[in-house]
Amino acid sequence: MAAFRFDDPAVQSYAFYSGVLALKTLGMATLTARTRYVKKVFANEEDTKIKNGFVKFDDPDVERVRRAHLNDLENIPAFWLLGGLYLTTGPETTTAITLFRVYTIGRILHSIVYAIKPLPQPARGISFGIPFLIMLYMGVKVVSFYASAL
Amino acid sequence: MAAFRFDDPAVQSYAFYSGVLALKTLGMATLTARTRYVKKVFANEEDTKIKNGFVKFDDPDVERVRRAHLNDLENIPAFWLLGGLYLTTGPETTTAITLFRVYTIGRILHSIVYAIKPLPQPARGISFGIPFLIMLYMGVKVVSFYASAL
Amino acid sequence: MAAFRFDDPAVQSYAFYSGVLALKTLGMATLTARTRYVKKVFANEEDTKIKNGFVKFDDPDVERVRRAHLNDLENIPAFWLLGGLYLTTGPETTTAITLFRVYTIGRILHSIVYAIKPLPQPARGISFGIPFLIMLYMGVKVVSFYASAL
C-alpha cells in the first residue's frame, strides 16, 4: 500500500478502463450534437443560424441522450475516484481487474440501451445496476479500510 | 512533496472522506429512484410499465432530489481533485483533516436539508457555503503553490 | 512511468491548470447565484423569501449560465482524469504543458462567450471544440498505451 505504481497490472487496468469510460462519456456530447443537428433543435438562439434550426428544450430524442449523458456524470467520476482509492486497499489483482472490466462493459451497454437503441426494461435497469453495485462495493471497501481516519 | 503516500494520516483522511462523499452522492440516485417509484413519475416511457406510472418532468419532489444531486455533481468531483492536489502542497496534517471532515459533514447536511427534510433558509445556504469556501481555500492554495507552472 | 512525482514540471503544470479549472467551475455556481439574485428567480420555494423573488425554471439568463455550468461538468472532470493518466504515458514535457495550457484557456473562453458575454457562433463552438479535441487526443493516448490491459 505504498504509492500508485503504474507497472501494476491492476493499476494499468484501472488506467485503461478509466480512459475508455472518459472517451465514452465524451462520445455522449457528440451524440447530443448529432441529434440536435439532425432534428434542428438547439438550446441557444445563436446556434439556430447554423442549420435554420430553432430553440426547443423538450425534443424527446435530444432529451433522452441528455439524460443518458447526465447519468454518466452521476456515475463515472465516482468510479474514477472509487476505483483509484480501491486499488490502495490491497485488493486481489484479478478481482480488481474483473470489477473494472464488468463496470465498463455495463456502462457502455447502458449508453446503448438508453440513448442509441432504446430497449424495454429491465435492459437499462440491469446495465445501470451492476456497475452501481460495483461502485457500492468499492466504496464500502474504501471507507472501511480507512475507517480509522474518521 | 514527493508522491502520494497512503500511510500518511492526511492522505488516509482524504481517502476516507472522499469515499464517504462518493457513497453519499450515489445515495442521491437511490433517493431519486425511490421518489419516482413512490410518486409513479418517470422520465422514460419504458419505465412507466413497471408500476403503472406515467412520464412527468416537473414533479416537485423528484425535481428537488435531482437538484440536490446536481449540486453534488457541481461540488464533490471538484473536492476530489482539489483535496488531492491540496495534499501535495504540504499542509499541516490537522488542518487538512479538519477541512476534509468539515467539508464532508457540510455536504451530508446539505443533502438532508435540501432533499430529505427541506428546511427554511439559511440552512441550505450555510451547508452549501462552508464546503464551498473550503474548496475555494484549497483551490487558491493549489494554484498559488504551483503558480510557477503558469 | 513510475509513480506521480510532483517535482516534475509537467505534473506541476497539470496541478496548476487543474486547480484553475476547478476554481473556474466553482465560479459558475457563483455566477448562477448572482444571476438568480439580480433577476429574483429561484428554483426553490424557501429561497424566494430572501429577495421577494419567485420560483421560475425557464429564465433565459439563468438557464444560459446553468447550461455553461453543465458543460463544464461534462468536460472538466474528464480532463482531470485524462490529464493525470496522460502524464503516466511518458509524454514530452513541453507537449503536455502546452496541451494543459491551451485546454484551460479554451475552457475559460468557453465560459465567457457562453455565459458572460454571449457571442455569435462559431465562438462557442471553437472554444468548446479545441479543448474537446485535446481530451480525445489524451484519451486515445491513454487507452492505446494501456491497451495490453484490455
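Residues numbered from 1 in each chain as written. Chains lettered and ligands numbered in written order. Predicted model: local features only at pLDDT ≥ 70, side-chain atom pairs only at ≥ 80, totals over all residues. Heavy atoms only, no water.

Draft legend 1. Structural detail: the interface of chain A and chain B. At the interface, 33 residues of chain A touch 32 residues of chain B. Both faces considered, chain A and chain B share a buried interface measuring about 2,500 Å² in area, 72% of it formed by carbon and sulfur atoms. Where chain A meets chain B, there are three salt bridges. For the interface between chain A and chain B, the tally reads eight residue pairs in polar contact (both at pLDDT 80 or more). Of all the secondary-structure elements, those providing two or more residues to the side of chain A that touches chain B are α2 (60–87) and α4 (123–145) of chain A. Top element by residues in the side of chain A that touches chain B is α2 of chain A. It accounts for eleven residues. When grouped by side-chain class, the residues that make up the side of chain A that touches chain B number 25 nonpolar, four polar and four charged. (Contact = heavy atoms within 4.5 Å. Buried area = accessible area lost by both parts, 1.4 Å probe. Salt bridge = Lys/Arg side-chain N within 4 Å of Asp/Glu carboxyl O. Polar contact = N/O pair within 3.5 Å; in protein donor to acceptor, adjacent residues only side chain to side chain. Helix = DSSP H or I, 4+ residues; strand = E, 2+ residues; numbered from the N terminus. Nonpolar A, V, L, I, M, F, W, Y, C, P; charged D, E, K, R; others polar.)

Draft legend 2. Structural context of the packing of aromatic side chains. Residue and element names in this part refer to chain A. In total, this model carries 33 aromatic pairs over all chains according to the counting rule given. Between Y86 and Y137, the ring centres sit 6.2 Å apart and the planes meet at 65°, which makes this aromatic pair edge-to-face. Here Y86 is found in helix α2, whereas its partner Y137 is found in helix α4, with 51 residues between them in sequence. What makes Y86 buried here is its relative accessible area of 1%. (Phe/Tyr/Trp six-rings, centres within 6.5 Å; stacked < 30°, edge-to-face > 60°. Buried < 20%, exposed > 50% of the residue type's maximum accessible area, 1.4 Å probe, protein only.)

Draft legend 3. Region of the structure containing the packing of α2 of chain A against helix α2 (residues 60–87) of chain B. Viewed as axis vectors pointing N to C, α2 of chain A and α2 of chain B meet at an angle of 35°, and their least axial separation amounts to 11 Å. As for how α2 of chain A packs across α2 of chain B, the hand of that crossing is left-handed. Contact residues: L70, L73, E74, P77, A78 and L81 of chain A in α2 of chain A; R66, H69, L70, L73, P77 and W80 of chain B in α2 of chain B. By residue class, the composition of the contact of α2 of chain A with α2 of chain B is nine nonpolar, one polar and two charged. (Axes fitted to C-alpha atoms, helices over the stretch in contact; angles between N-to-C directions. Left-handed = near helix turned anticlockwise from the far one by under 90°.)

Draft legend 4. A look at the pattern of salt bridges. Taken as a whole, this structure holds 27 salt bridges over all chains when the rule is applied. Note that D47 of chain B is salt-bridged to R124 of chain A, the shortest N-O span being 2.9 Å. One end of the pair, D47 of chain B, is in the loop between β1 (41–42) and β2 (54–55); the other, R124 of chain A, is in helix α4, on a second chain. Residue D47 of chain B shares its accessibility class with R124 of chain A, and that shared class is buried. Among the ionic pairs, K39 of chain B bridges to D59 of chain B, the shortest N-O distance being 3.0 Å.

Draft legend 5. View of the layout of surface pockets. Quantified by volume, the second largest pocket comes out at close to 670 Å³. Along its surface, the second largest pocket is lined by 26 residues, and N71, R124 and F128 of chain A together with A33 and R36 of chain B are the ones closest to its centre. Contributing elements (two or more residues each) for the lining of the second largest pocket: α2, α3 (93–116) and α4 of chain A together with α1 (9–39) and α2 of chain B. (1 Å grid on protein atoms, 1.4 Å probe; cavity = no way out; pocket = protein on both sides within 12 Å on 5 of 7 lines; lining within 4 Å. Points joined across faces, edges and corners; volume = space filled by probe spheres on them.)

Draft legend 6. Focus on the UniProt feature "transmembrane region" (unreviewed entry) in chain A. All names here are of chain A. According to UniProt, the feature "transmembrane region" (unreviewed entry) maps to residues 14–33 and 126–147 in the numbering used here. Along residues 14–33 the backbone is 100% helical and 0% strand, and the end-to-end C-alpha distance reaches 29 Å. End C-alpha atoms of residues 126–147 are separated by 31 Å, and the span's content is 91% helix alongside 0% strand. (UniProt positions renumbered as here; feature names shortened; annotations may be inferred.)

Draft legend 7. Layout of the relation of the copies chain A and chain B. Mapping chain A onto chain B calls for a screw motion: a turn of 120° about the axis and a shift of 0.0 Å along it, with 0.0 Å RMSD after fitting. As the rotation angle and translation indicate, the two copies are arranged about a three-fold axis. The share of interface residues of chain A whose copies in chain B are also at the interface is only 15%, consistent with the copies meeting through different surfaces. (Least-squares fit on C-alpha atoms with pLDDT ≥ 70 in both.)

Draft legend 8. Just the environment of D59 of chain B, in detail. Residues and elements named next belong to chain B. Position of D59 among the secondary structure elements: in the loop between β2 and α2. Of the residues examined, D59 reaches a relative accessible area of 5% and is grouped as buried. In this structure the side chain of D59 is engaged in a polar contact, spanning 3.0 Å, whose partner is the side chain of K39. A polar contact of 3.1 Å, which involves the side chain of D59, links it to the backbone nitrogen of D61.

Draft legend 9. Spotlight on the interface of chain C and chain B. Residue-level contacts link 32 residues of chain C with 33 residues of chain B. The largest share of the area that chain C buries against chain B comes from F6, F16 and L26 of chain C, three residues that together contribute 26% of it. Here chain C and chain B share three salt bridges between them. Summed over the shared surface of chain C and chain B, the result is eight residue pairs in polar contact (both at pLDDT 80 or more). Of all elements in the fold, only α1 (9–39) and α3 (60–87) of chain C reach the threshold of two or more residues within the side of chain C that touches chain B.

Draft legend 10. Inspection of the relation of the copies chain C and chain B at higher detail. Overlaying chain C on chain B yields an RMSD of 0.0 Å, the required transformation being a rotation through 120° with an accompanying axial translation of 0.0 Å. Looking at the interface residues of chain C, only 16% of them are also at the interface in chain B, so each copy uses its own face.

Draft legend 11. Spatial organisation of the side chain of H110 of chain A. Residues and elements named next belong to chain A. Locating H110 in the fold gives a position in helix α3. A relative accessible area of 1% places H110 in the buried class. In contact with H110, not counting residues within four places along its chain, are N71, R124, S127 and F128.

Draft legend 12. Layout of the environment of G83 of chain A. The topology assignment puts G83 of chain A in helix α2. When near neighbours in sequence (up to four residues on either side) are disregarded, G83 of chain A contacts Y14, F100 and M138 of chain A.

Draft legend 13. Molecular detail of unusual backbone geometry. With omega at 10°, the peptide bond leading from Q121 of chain A into P122 of chain A counts as cis. Inspection of the secondary structure assignment puts P122 of chain A in the loop between α3 and α4. Backbone geometry at K40 of chain B places phi at a positive 55°, although glycine is not the residue there. Structurally, the position occupied by K40 of chain B is in the loop between α1 and β1.

Draft legend 14. View of the nonpolar core. Core analysis: the largest hydrophobic core is formed by 99 residues, its most contacted members being W80 and F100 of chain A, W80 and F100 of chain B together with W80 and F100 of chain C. Among all residues touching W80 of chain C, those that are not within four sequence positions of it are P77, A78 and L81 of chain B together with Y14, S18, L21 and A22 of chain C. (Core = buried A, V, L, I, M, F, W, Y, C linked by side-chain atoms within 4.5 Å.)

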